[in-house]
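A structural walkthrough
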Amino acid sequence: MSMSTSRIARAVAAKDLRIELRSRVVTNQVLPFSGLVMVMFAFALDNDDVLQRVAGGLVWLATLFSLFMLVQRTFAVETYDGALDSLRVAGVNPQGIFLGKSFALFVQLLVLESVLFVAAVVLYRVNVNGSGVVLLVTCVLCATAGLAFVGTLYGGLTAGARGRETLLPLLLLPVVAPVLICATRATESAFRSGGVTVGEGWPWVGVLAVFAAVFGLGGLLSFGSLIEE
Amino acid sequence: MNHAGFIIAVYGITFGVIIGLVVYTIRQGRNLSRTVADKDKPWT
Amino acid sequence: MSAHSVINFVDAVAVYNGYPALAGVTLSVERNEIVLLQGPNGAGKSTLLRACAGLMPVIRGTAHVLGYDLTVDRESVRERVGLLGHQNGLFGELTIAENVSFWSTVVGASAEERTSAMERMAIDGKLAERRVSELSAGQKRRCALACLVVRRAELWLLDEPHAGLDAKGRDEIDRIVKEAAASGATVVVASHEIERAQQLATRTVSLIAGQVRESQ
Amino acid sequence: MNTETQTFTGVGTPATRLYGLMAIVALGWVLLGGLFFTPEDAVQGDAVRIMYVHVPTAWIAYLAFIVTGVASACWMIGKKHSIGFDRVAGASAEVGVLFMAMTLLSGSLWGRITWGTFWVWDPRLTTTAFLFVTYIGYLAVRGLGGTAHQRARRSSVIALLAVLEIPLVHFSVVMWRSLHQRATVLSPDGDIKMDGIMLFTLLCGVFGFSVLFAWLVSHRQRIMAMKDARQTTAIDVAVTERLKEAQS
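1. Structural notes on the overall build of chain D
Helix and strand counts for chain D stand at 6 helices and 0 strands. Counting across all 248 residues of chain D, residues that qualify as buried make up 53%. The long-range share in chain D, meaning contacts at least 24 apart out of those at least 6 apart in sequence, stands at 82%. Total accessible area computed for chain D in this model is approximately 10,900 Å², and 70% of it derives from carbon and sulfur atoms.

2. Let's talk about the pairing of strand β6 (residues 81-84) of chain C
Residue and element names in this part refer to chain C. Neither face of β6 is open: one carries Val 81 and Leu 83, the other Gly 82 and Leu 84, and all of them are buried. Summarising the sheet, β6 and strand β7 (residues 155-159) pair through 4 bridges and their orientation is parallel. By the bridge assignment, Gly 82 is partnered in β7 with Trp 156.

3. Focus: the arrangement of the chains
There are 4 pairs of chains in contact here, and the one with the most contacts is chains B and D. Left apart from each other, chain A and chain B have a closest C-alpha approach of 25 Å. One finds no contact linking chain B with chain C; the least C-alpha distance across the pair is 17 Å.

4. A few points about helix α2 (residues 96-107) of chain C
Residue and element names in this part refer to chain C. Counted at 1.5 Å a residue, the expected span for α2 with its 12 residues is 16 Å, and the 17 Å between its end C-alpha atoms agrees. Counted residue by residue, α2 has 10 buried out of 12 residues, so it is predominantly covered. If you check which residues of α2 are buried, you get Ile 96, Ala 97, Glu 98, Asn 99, Val 100, Phe 102, Trp 103, Ser 104, Val 106 and Val 107.

5. Some words on helix α2 (residues 48-77) of chain D
For an α-helix the count is 3.6 residues per turn, leaving residues at separations of three or four pointing the same way. Between its first and last C-alpha atoms α2(D) spans 43 Å; for 30 residues at 1.5 Å apiece the expected length is 44 Å, and the two agree. For α2(D), a buried count of 21 out of 30 residues is recorded, marking the element as mostly surrounded by other parts of the structure.

6. Notes on the interface of chain D and chain B
Contact with chain D, which involves 43 residues of that partner, is made by 34 residues of chain B. Buried area between chain D and chain B, summed over both chains or domains, comes out near 3,700 Å², and the portion from carbon and sulfur atoms is 77%. The interface formed by chain D and chain B holds 0 salt bridges in total. Our count for the contact surface shared by chain D and chain B stands at 3 residue pairs in polar contact (both at pLDDT 80 or more). At the level of secondary structure, the elements contributing two or more residues to the side of chain D that touches chain B comprise α1 (14-37), α2, α3 (83-114) and α6 (196-247) of chain D. Top contributing element to the side of chain D that touches chain B by residue count: α6(D), with 13 residues.

7. Some remarks on the interface of chain C and chain D
Where interface size is quoted, it is often the accessible area lost as the parts come together. Facing the 18 residues of chain C at the interface are 13 residues of chain D. Interface of chain C and chain D: buried area, both sides summed, is about 1,200 Å²; carbon and sulfur atoms make up 56% of it. Ranking the residues of chain C by area buried against chain D places Pro20(C), Arg60(C) and Ala209(C) at the top, with a combined share of 36%. The salt bridge involving Glu75(C) is made with Arg153(D); its shortest N-O contact spans 2.7 Å. Run the count over chain C and chain D and you get 7 residue pairs in polar contact (both at pLDDT 80 or more). Broken down by secondary-structure element, the contributors of at least two residues to the side of chain C that touches chain D are β1 (5-16), β2 (19-30), β4 (58-65) and β10 (211-215) of chain C. Examining the composition of the side of chain C that touches chain D, we find that 4 residues originate from one element, β2(C), more than from any other. When the residues that make up the side of chain C that touches chain D are grouped by side-chain class, the tally is 11 nonpolar, 3 polar and 4 charged.

8. Brief notes about a nonpolar patch on the surface
Residues and elements named next belong to chain D. Side chains of Leu 31, Leu 32, Phe 36, Phe 37, Ile 197 and Phe 200 sit close together on the surface and give an oily, nonpolar patch of about 590 Å² of accessible area. The biggest single contributor to the nonpolar patch is α1, with 4 residues. If you trace the backbone, Phe 36 turns up in helix α1. We classify Phe 36 as exposed; its relative accessible area is 55%.

9. Some words on the packing of aromatic side chains
Within a pair of aromatic rings, the relevant descriptors are the distance that separates the centres and the angle that separates the planes. Summed over the entire model, instances satisfying the criterion amount to 17 aromatic pairs over all chains. Relative to Phe117(A), the ring of Trp60(A) lies with its centre 6.1 Å away and its plane at 75 degrees, an arrangement referred to as edge-to-face. Taken together, the residues Trp60(A) in helix α3 (residues 48-79) and Phe117(A) in helix α5 (residues 94-124) connect sequence positions 57 residues apart. Considered together, Trp60(A) and Phe117(A) belong to a single accessibility category, that of buried residues. Geometrically, the ring pair formed by Phe65(D) and Tyr135(D) is stacked, given 4.0 Å between the ring centres and 25 degrees between the ring planes. Residue Phe65(D) is located in helix α2, and its partner Tyr135(D) is located in helix α4 (residues 123-142); the two are separated by 70 residues in the primary sequence. Neither Phe65(D) nor Tyr135(D) differs from the other in exposure class; each is buried. Ring-pair connections join several aromatic residues into one group, and the members of that group are Trp60(A), Phe117(A) and Phe191(A). Here Lys101(A) stacks its cationic end above the ring of Phe75(A), 5.3 Å away from the centre of that ring. Positioned above the aromatic ring of Phe118(D) is the side chain of Arg112(D), whose terminal nitrogen or guanidinium carbon lies 5.5 Å from the ring centre.

10. Things to note about the environment of Leu158(C)
With respect to the element layout, Leu158(C) can be found in strand β7. Once the C-alpha coordinates of Leu158(C) and Ser46(C) are considered, the two residues, 112 residues apart in sequence, prove to be 9.2 Å apart.

11. Some thoughts on the pattern of salt bridges
Evaluation of the coordinates by the stated rule reveals 30 salt bridges over all chains. Where Arg88(A) meets Asp85(A), a salt bridge forms, and the shortest distance between an N and an O atom there is 2.9 Å. Taken as a pair, Arg88(A) and Asp85(A) lie in helix α4 (residues 83-89) at a separation of 3 residues, close to a single helical turn. According to the relative accessible area criterion, Arg88(A) is buried, its value standing at 6%. Glu228(A) serves as the salt-bridge partner of Arg78(C), at 2.8 Å between the closest nitrogen and oxygen.

What counts and how
- Residues numbered from 1 in each chain as written.
- Chains lettered and ligands numbered in written order.
- Predicted model: local features only at pLDDT ≥ 70, side-chain atom pairs only at ≥ 80, totals over all residues.
- Heavy atoms only, no water.
- Helix = DSSP H or I, 4+ residues; strand = E, 2+ residues; numbered from the N terminus.
- Buried < 20%, exposed > 50% of the residue type's maximum accessible area, 1.4 Å probe, protein only.
- Contact = heavy atoms within 4.5 Å.
- Areas by Shrake-Rupley, 256 points an atom, 1.4 Å probe, with all protein chains shown as cover.
- Pairing = 2+ DSSP bridges.
- Expected span 1.5 Å × (residues − 1).
- Buried area = accessible area lost by both parts, 1.4 Å probe.
- Salt bridge = Lys/Arg side-chain N within 4 Å of Asp/Glu carboxyl O.
- Polar contact = N/O pair within 3.5 Å; in protein donor to acceptor, adjacent residues only side chain to side chain.
- Nonpolar A, V, L, I, M, F, W, Y, C, P; charged D, E, K, R; others polar.
- Patch = residues over 30% accessible without salt bridge, like charges linked within 9 Å, V, L, I, M, F, W, Y side chains within 5 Å.
- Phe/Tyr/Trp six-rings, centres within 6.5 Å; stacked < 30°, edge-to-face > 60°.
- Lys NZ or Arg CZ within 6 Å of the ring centre and 35° of its normal.

The following block contains the structure:
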């Protein structure tokens, strides 16, 4: 069974990413939006020391706002012409769909985050070097995995009937709260902002890894019944 | 009793909400049970 | 209920947004039959097909498809059922070839089945490289049908399959349906084009106000 | 009006009336004892009176979510998926969200007196606030409609995911707060030593609120049962109407 699951997952991931490359929604709409959010933060806080101090938090906040748009987009692709129903009717293994869509969302989030981190360096005069980079990359990978699993899982529920789109932020915000806390603390350590040393960041990355594992497993078990009518 | 205002407020709100919920539940139960036949009431 | 009947509904009720789209359907379809399901709009044709495919819960009466009791488990039957609904289930940004290959991969169809299906539906060659969003309704329908053909389903549920197709396309669909029935599949077609569908069908069932009225 | 017999009006049964009575007695004492008959606390002064209400409410709020989680698991694991479990899960969540709101309110008023601020990022209070929002989401998912079975299936998954989420949130919040300062000296959940009449009042509160919780959940669960029954009869009526429509 798992052979066909990975085959399905690869096909779904490839399909999602190819659609994204063709439609360019992320690069033409979500990326500019999140870049704009970073700029708006700078307007709002307008004090360089404060900006540098909270840069980590701002990057992850911008990522969360964009996560809603990415999740809504990835499931709009499925429901626009009834593809999700066809997938269900064909008895395609939901775990494969879950893994495939999570991976595609994971890649899109990584692209988005790399732009945001560049913006942070430029706009907020943040600098990362040496061991900070290693911490930052691990933190981004774990946090993004968690966000991708959770976004796909709750996105699956809200992809169903109409009137469910507004449900996504309500359901997703509390769930991603730990990711926001831990990713921000770890990123602040990587940026060494406010005198925080790099070493202090690693426990937070540990929590992020646990979060990703827990929701990866939780998603595999429950995605099938969440997309059911 | 200092801070009387706050303490009375806490008791007032907590007991007020509880009494409100109890009355609402009883009334809702009564209205619904008039429109539903007995066979649908597992507790009877 | 004869042993090998593919569909067996007795007084089945299915509700859509609180409205009983199926209000006590009793229907039995045997293997290899091609049944034409006709009836006015809103009679519940699409709901009946979706219920047979296990997409909608049957909340009253009994509903068996291919031996599965849908009131208990309506997910395991799906692998053996193919449904062509009002929507095509395609991805607009992808080309025909990419759509058909995606669907054959997820259902585990081989490359030969994929190419033959595309040839049969006359969507191979240069047309295959065009994006689905740029196609006409008929071409989209043919692409959706190709994705169904690669499924090799035992029970075909077709909702207005002829809609939007030219004469040549309709002949091709009739040929595919007959061939599928000949090779052991069972087909239920919901259609408004009565005369064309009647030549194709072995039996006609009419559905009015959510119930099966008479069937010859 | 329904022609069939209704000998039973209301949802009360001898058992729930007993709960109700006990709750009234216990809460009566909490109200009187808490405000008048118990002495001030050596450290907090009168602020401790809020504890007699805050601690039981918080206890009920957390109990409610445990009940929702367990009932959802029972519905999911049980062979026959008996709908009763789903209703208990739903009723318990409804009561739990309300008590959670009161917990946050009384906790912040208590904080205003002892710490001088309405809100402090105390790990317990923060996790409570998080739970409050999570279960509002759960209730929103319950309201998505469909048949009772569809509702049960969807809600049980969301409830179990929420349970999965609690330790993660609590752990990350505790880690986060430990960065800033040691856990506050007087955390709102009664680390204060209590004895005699003060302890009695507090335990009376916990007992009273527990039986009140049992009363509320059984009543709301029955209300939900009647609502489901009414939905099924509505479908029967709609089906018979469609049958007549076909004949004409």
